[in-house]
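Residues per chain are reported as follows:
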Amino acid sequence: MKFIGTRGTDKEKTFSEVILDPAAPNGGLYVPKKLPKINEKWLLKYYDVQGDKPYTHIARGILKQFKVDIDNKLIEKALFTYLRNFDDEEVVPVVRINEELFIGELWHGPTRAFKDMALQPFGVILSNLAKKREENYLILAATSGDTGPATLKTFENRENIKVVCLYPYKGTSEVQKLQMVTTDAENEKVLGIRGNFDDAQTALKNLLKDKEFRKTLKANDIKLSAANSVNFGRIIFQTVYHFWAYLKLVERMEIEMNDKIDVIIPSGNFGNALGAYYAKKMGLPIEKIVIASNKNNVLYEFVTYGKYDLRDKNLIKTISPAMDILKSSNVERLLFDKFGEKRCIELMENLEKEGYFELTLKEHEKIKEDFIADFATDGECEEIINKYTKNNYLMDPHTATAVKAYEYLKNKSLINNKVVAYSTAEWTKFAPSIYKALTGEDVEREIAELEERTISDKDAIAYIEASLDVTAPEIIRELFEKEIKETVIDKKEIKEKIIEFIAE
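Residues numbered from 1 in each chain as written. Predicted model: local features only at pLDDT ≥ 70, side-chain atom pairs only at ≥ 80, totals over all residues. Heavy atoms only, no water.

Draft legend 1. Focus on the overall build of the protein. Helix and strand counts for the protein come out as 21 helices and 15 strands. Projecting the C-alpha coordinates of the protein onto the three principal axes gives extents of approximately 60 × 55 × 45 Å. Put simply, the protein has 504 residues, and 61% of those count as buried. Accessible surface, the protein as shown: approximately 20,700 Å² in total, 45% of it carbon and sulfur. Of the side-chain charges in the protein, 75 are positive and 83 negative, and the distance between the mean point of each set is 7 Å. (Helix = DSSP H or I, 4+ residues; strand = E, 2+ residues; numbered from the N terminus. Buried < 20%, exposed > 50% of the residue type's maximum accessible area, 1.4 Å probe, protein only. Areas by Shrake-Rupley, 256 points an atom, 1.4 Å probe, with all protein chains shown as cover. Lys, Arg positive; Asp, Glu negative; His and termini not counted. Charge placed at Lys NZ, Arg CZ, Asp CG, Glu CD.)

See below:
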């Protein structure tokens, strides 16, 4: 498998090369030169009629199709993280909600969010490659709440690796923040920035192409990589669970082989949705990929109207903060795949310079071949959480955007197949929002100018446990007892603070 850049290619790269150095030429992203094809014969081979083959069986098969240049021992070591570090033997349980709706739970890993699905094996592969090559790496991660904890967890105390995680100081849930600022790994640094996720992601992208910064790293014998979904090492693992969920429905006789399904994905940076798009292109029988947004609904507008317009838009804080994103990086990979390099460059340059691009009518029709979209307000998410909790399914606010999309689009007859909606985080990470949804009490994070809460995450978790007879995992409960090490900086200080860290 060879990889090329979305904005031109100096040299085709291998999988291991793009994992270690994800910065493609001219500010672009690496993409497969050609996606592998999967047919009915392949699906039948991996169809588990007895229901006793593990998730790693599918993951191994997908990596084999991509022909990654990673030796089998390292692949097995990476995939073993699914068996060792996830609390459900299926890794991704596919839960039946009704005759047509199924929830694929992606949050059974150590940080209770879907980012573990990619970052657990990714961390093993990258760190082992670094050690084998006797090279030292700085891993950058910008997070809206879930990538950061998952990155810190997978790389904690690994040899040849240092990690810097950037997060918006007031833009995550309390649990998400605690997962970052309580890390005690000596090879990791967490920086809260006075800004939003887009600021953090822009800083990361700028550092990846900053020649002076790379020169400083080189002087310290350090190479640069990234854990965000700009790194294709993340995307490849995010194709796997779409195949798993489909074959689970076949195994349970909910569908027959080759029946179409629809998938619904809560989407911020578009990486999860891109994994579904690649799975469909590879041959998985997906009819529609539904993009579910919150009030930061740029992706809804892009899919529905063919416009990506950031002019006069300000980021809105919502109860689904991991989706509080305006600049969705992976849209570039979709534009490249649909319209080619020249048009992709034209559209992305217009977005970067003018804050806007618009597809032609013909181009927009090509997007709508695969995608439809919906968005949810905080109030709508609360209604969904309340309603489904009464029907014995507890979900977080991000998952609620997907279920709201299901209800709306099903009512409009815009989706007509069996549906897998993906649950991207466990309820424990957003307990005050769920408390409000269940009780109706206002638990806004900020009251006037005081950063106070009417109920803490710890108390909200305790209330939900007692009310619904559920138990938060120990890995979440213990966060409230850990020592906090918090560093908050201005955006202009990011580069300086990182350089100080690598010099320690």
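Draft legend 2. View of empty space enclosed by the protein. Under the counting rule described, the total for this entry stands at two cavities of 30 Å³ or more. Roughly 260 Å³ of internal volume is contained in the largest cavity. Contributing to the lining of the largest cavity are 25 residues, with Phe114, Lys115, Gly268, Asn269 and Ala322 lying nearest its centre. Among the elements that line the lining of the largest cavity, the one with the most residues is helix H12 (residues 271–282), at three residues. When its residues are assigned to classes, the lining of the largest cavity shows nine nonpolar, 13 polar and three charged. (1 Å grid on protein atoms, 1.4 Å probe; cavity = no way out; pocket = protein on both sides within 12 Å on 5 of 7 lines; lining within 4 Å. Points joined across faces, edges and corners; volume = space filled by probe spheres on them. Nonpolar A, V, L, I, M, F, W, Y, C, P; charged D, E, K, R; others polar.)

Draft legend 3. Structural view of the nonpolar core. Of all hydrophobic cores here, the largest spans 149 residues; its most connected members are Phe243, Ile264, Phe302 and Leu335. Discounting residues that sit within four places of it in the chain, Phe302 has contacts with Lys307, Tyr308, Val331, Leu334, Leu335, Phe357, Leu359, His364 and Ile367. The next biggest cluster of nonpolar side chains, apart from the first, holds 26 residues, and it includes Leu166, Ile222, Ile498 and Ile502. (Core = buried A, V, L, I, M, F, W, Y, C linked by side-chain atoms within 4.5 Å. Contact = heavy atoms within 4.5 Å.)

Draft legend 4. Representation of the side chain of His398 within the structure. Within the secondary structure layout, His398 lies in helix H17 (residues 397–411). Here the side chain of His398 touches Asp396 through a polar contact of 2.6 Å, side chain to side chain. Among all residues touching His398, those that are not within four sequence positions of it are Pro266, Ile319, Ser320, Pro321, Ala322, Met323, Thr424 and Phe430. (Polar contact = N/O pair within 3.5 Å; in protein donor to acceptor, adjacent residues only side chain to side chain.)

Draft legend 5. Structural detail: the pattern of salt bridges. Across all of its chains, the model carries 38 salt bridges by this definition. Of the charged contacts, one joins Arg7 and Glu332 as a salt bridge, the two residues approaching to 2.8 Å between their closest N and O atoms. Pair noted here: Arg7 is in the loop between strand S1 (3–5) and helix H1 (15–20) and Glu332 is in helix H14 (residues 331–354), with a separation of 325 residues, a long-range link. According to the relative accessible area criterion, Glu332 is buried, its value standing at 4%. Ionic pairing is found between Glu474 and Arg477, a salt bridge with its closest N-O pair at 3.9 Å. Of this pair, Glu474 and Arg477 both sit in helix H20 (residues 474–477), separated by three residues, roughly a single helical turn. Classification of Glu474 as exposed rests on a relative accessible area of 52%. Taking relative accessible area as the criterion, Arg477 reaches 38% and is therefore assigned partly exposed. (Salt bridge = Lys/Arg side-chain N within 4 Å of Asp/Glu carboxyl O.)

Draft legend 6. Molecular detail of the sheet that holds strand S4 (residues 101–105). One open sheet accounts for six strands, arranged S3-S4-S14-S9-S10-S13; its pairing is mixed. The open sheet terminates on both sides in strands that have one partner only, identified here as strand S3 (94–96) and strand S13 (371–375). Across this sheet, the average inter-strand angle for adjacent strands is 25 degrees, counted without regard to direction. Relative to strand S14 (residues 418–423), strand S9 (residues 261–266) runs parallel, the two being bridged by four bridges. Note that in S14 the partner of Ile261 across the bridge is Lys418. (Pairing = 2+ DSSP bridges. Axes fitted to C-alpha atoms, helices over the stretch in contact; angles between N-to-C directions.)

Draft legend 7. Quick look at helix H21 (residues 494–503). All of the buried residues in H21 are Ile494, Ile498, Phe501 and Ile502. For H21, the angular spread of the buried residues around the axis is 95 degrees, confining them to a single face. Next to the buried residues of H21 lie strand S5 (137–142), strand S6 (161–168), strand S7 (188–193), helix H8 (197–208), helix H9 (211–219) and strand S15 (488–489). (Arc of directions from axis to C-beta.)

Draft legend 8. Spotlight on a positive patch on the surface. Together, Lys132, Arg133, Lys218 and Lys223 make up a region of like positive charge exposed at the surface. Mapped onto the elements of the fold, Arg133 is located in the loop between helix H5 (115–132) and S5. Using a relative accessible area of 40% as the deciding quantity, one classes Arg133 as partly exposed. (Patch = residues over 30% accessible without salt bridge, like charges linked within 9 Å, V, L, I, M, F, W, Y side chains within 5 Å.)

Draft legend 9. Geometry of the packing of helix H3 (residues 55–66) against helix H11 (residues 240–251). Two numbers describe how H3 lies on H11: the axes approach to 9 Å, and their chain directions differ by 130 degrees. One element, H3, and the other, H11, form an angle in the oblique class. You can see that H3 and H11 cross each other, and the crossing is right-handed. Note on element contacts: H11 touches H3 through Val240, Tyr241, Phe243, Trp244 and Leu247, opposite Tyr55, Ile58, Ala59 and Ile62. Residue composition of the contact of H3 with H11, by class: nine nonpolar, no polar and no charged. (Parallel < 35°, antiparallel > 145°, perpendicular 65-115°, else oblique. Left-handed = near helix turned anticlockwise from the far one by under 90°.)

Draft legend 10. Structural context of the sheet that holds S7. Read from one edge of the open sheet, five strands run S8-S5-S6-S7-S15, paired in parallel fashion. The open sheet has two free edges, formed respectively by strand S8 (223–226) and S15, since each of these has just one partner strand. Across the sheet, H21 touches S5, S6, S7 and S15, and the angle it forms with S6 is around 155 degrees.

Draft legend 11. Quick look at the environment of Lys482. By the secondary structure assignment, Lys482 is in the loop between H20 and S15. On the basis of relative accessible area, Lys482 is assigned to the partly exposed category, the value being 39%. Each C-alpha atom, one on Lys482 and one on Gln179, is 9.7 Å from the other, the two residues being 303 residues apart in sequence.

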